[in-house]
Amino acid sequence: MEPLGGVAWPPEPIKTERLVLRESEARDRTAFVELLASPEVNTYLGGPRPRDEVERETPEVPERWPGSFVVELDGTMIGQILLRRATKHRPAAVGKADLGYLFLPQAWGFGYAAEACAAALDWFDGVLPGEPVVLATQTANVGSMRLAAKLGFTEVERFEAWGAEQWLGMRSPATQST
Ligand SMILES: CC(C)(COP(=O)(O)OP(=O)(O)OC[C@H]1O[C@@H](n2cnc3c(N)ncnc32)[C@H](O)[C@@H]1OP(=O)(O)O)[C@@H](O)C(=O)NCCC(=O)NCCS
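Residues numbered from 1 in each chain as written. Predicted model: local features only at pLDDT ≥ 70, side-chain atom pairs only at ≥ 80, totals over all residues.

- In the annotation of an unreviewed UniProt entry, the chain is listed under the name N-acetyltransferase and assigned to Kribbella soli.

Some points on the overall build of the chain
Inference 1: Regarding its fold elements, the chain presents four helices and nine strands.
Inference 2: Counting from the amino terminus, the chain carries its helices and strands in the arrangement β-β-β-α-α-β-β-β-α-β-α-β-β.
Inference 3: Expected size for 178 residues packed as a compact globule is a radius of gyration near 16 Å; at 15 Å, the chain falls within 12% of this value.
Inference 4: On the principal axes, the C-alpha backbone points of the chain span a range of 40 × 35 × 30 Å.
Inference 5: Put simply, the chain has 178 residues, and 29% of those count as buried.
Inference 6: Taking as baseline every contact in the chain between residues at least 6 positions apart, the subset at least 24 positions apart corresponds to 66%. (Helix = DSSP H or I, 4+ residues; strand = E, 2+ residues; numbered from the N terminus. Rg over C-alpha atoms; globule rule 2.2 N^0.38 Å. Buried ≥ 20, exposed ≤ 12 C-beta atoms within 10 Å, placed from the backbone. Contact = placed C-beta atoms within 7 Å.)

Side note on the nonpolar core
Inference 1: Of all hydrophobic cores here, the largest spans 38 residues; its most connected members are Leu 21, Val 71, Ile 81, Ala 116, Cys 117 and Ala 120.
Inference 2: At eight residues, the largest contribution of residues to this core is made by helix α3 (residues 112-127).
Inference 3: With residues near it in sequence (within four places) discarded, Cys 117 still touches Ile 81, Leu 99, Tyr 101, Leu 147 and Leu 151. (Core = buried A, V, L, I, M, F, W, Y, C linked by C-beta atoms within 7 Å.)

A few points about unusual backbone geometry
Inference 1: Look at the link from Trp 9 to Pro 10: it is a cis peptide, with omega at -5°.
Inference 2: With respect to the helices and strands, the residue Pro 10 is situated in the loop between β1 (2-3) and β2 (14-15).
Inference 3: Residues other than glycine seldom take positive phi values, yet Glu 63 does so here, at roughly 50°.
Inference 4: Locating Glu 63 in the fold gives a position in the loop between α2 (51-57) and β4 (68-73).
Inference 5: The partly exposed category is assigned to Glu 63, around which 18 C-beta atoms lie within 10 Å.

What to know about the site of the ligand
Inference 1: Phe 103, Ala 113, Ala 114, Gly 143 and Arg 146 are the nearest of the 22 residues found near the ligand.
Inference 2: Every element with two or more residues in the shell around the ligand is listed here: β6 (97-103), α3 and α4 (142-150).
Inference 3: No other element matches the six residues that α4 contributes to the shell around the ligand.
Inference 4: Considered class by class, the residues forming the shell around the ligand number 13 nonpolar, seven polar and two charged. (Near = placed C-beta within 6 Å. Nonpolar A, V, L, I, M, F, W, Y, C, P; charged D, E, K, R; others polar.)

Some remarks on the pairing of strand β9 (residues 164-171)
Inference 1: With six bridges connecting them, strand β7 (residues 133-138) and β9 associate as antiparallel partners. Bridge pairing in β9 places Gln 138 opposite Gln 166.
Inference 2: Summarising the sheet, strand β8 (residues 154-161) and β9 pair through seven bridges and their orientation is antiparallel. Bridging from a neighbouring strand, Thr 154 pairs with Met 170 of β9. (Pairing = 2+ DSSP bridges.)

Encoded structure:
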């Protein structure tokens, strides 16, 4: 995966009804460490990384690159949205923008992920109009599968990788994200 190219970055913070999407700041570091080290968050992402290793390797201002949005609720980071350019991937996905999302467990189940992803996809449609977006997730990741469907992604294929069934979905540019 590579950062999205060809976009002005960072954009002005994106405000939704309840959330703000913005570039990362030093005050988000603890939440980033938690996202990488949490067993719950990483159940379907290959497992958590050792917390001490993450603490050591996370820079003072983490994940500052075009396409990485911090999602903030009431002034505190609750998740990250990643829009990246797929490099090594399934043939149907190579070269396309790829959506990823990680939220802290205490923020699950309130529709925050759907609200934030819809806003990020709206932003994407504005800066790279006409481009499709792909998304890969384990089929066992029920919450992620539901979220993908809600955002307008439809199945391209299922495939086996990393010892599990994976789902590749695509959102065509004409599909509304909300
Ligand atoms: C995937 C993830 C972002 C979903 O977050 P969330 O806050 O629960 O999502 P939302 O509240 O916006 O819910 C989206 C939809 O999924 C449903 N959903 C969420 N978790 C669910 C679960 N475990 N089982 C069934 N449905 C679930 C919600 O009910 C909602 O559907 P609805 O509007 O039809 O009711 C969150 O679980 C997460 O961060 N997981 C860890 C990281 C991860 O696996 N990311 C996927 C990488 S590809």
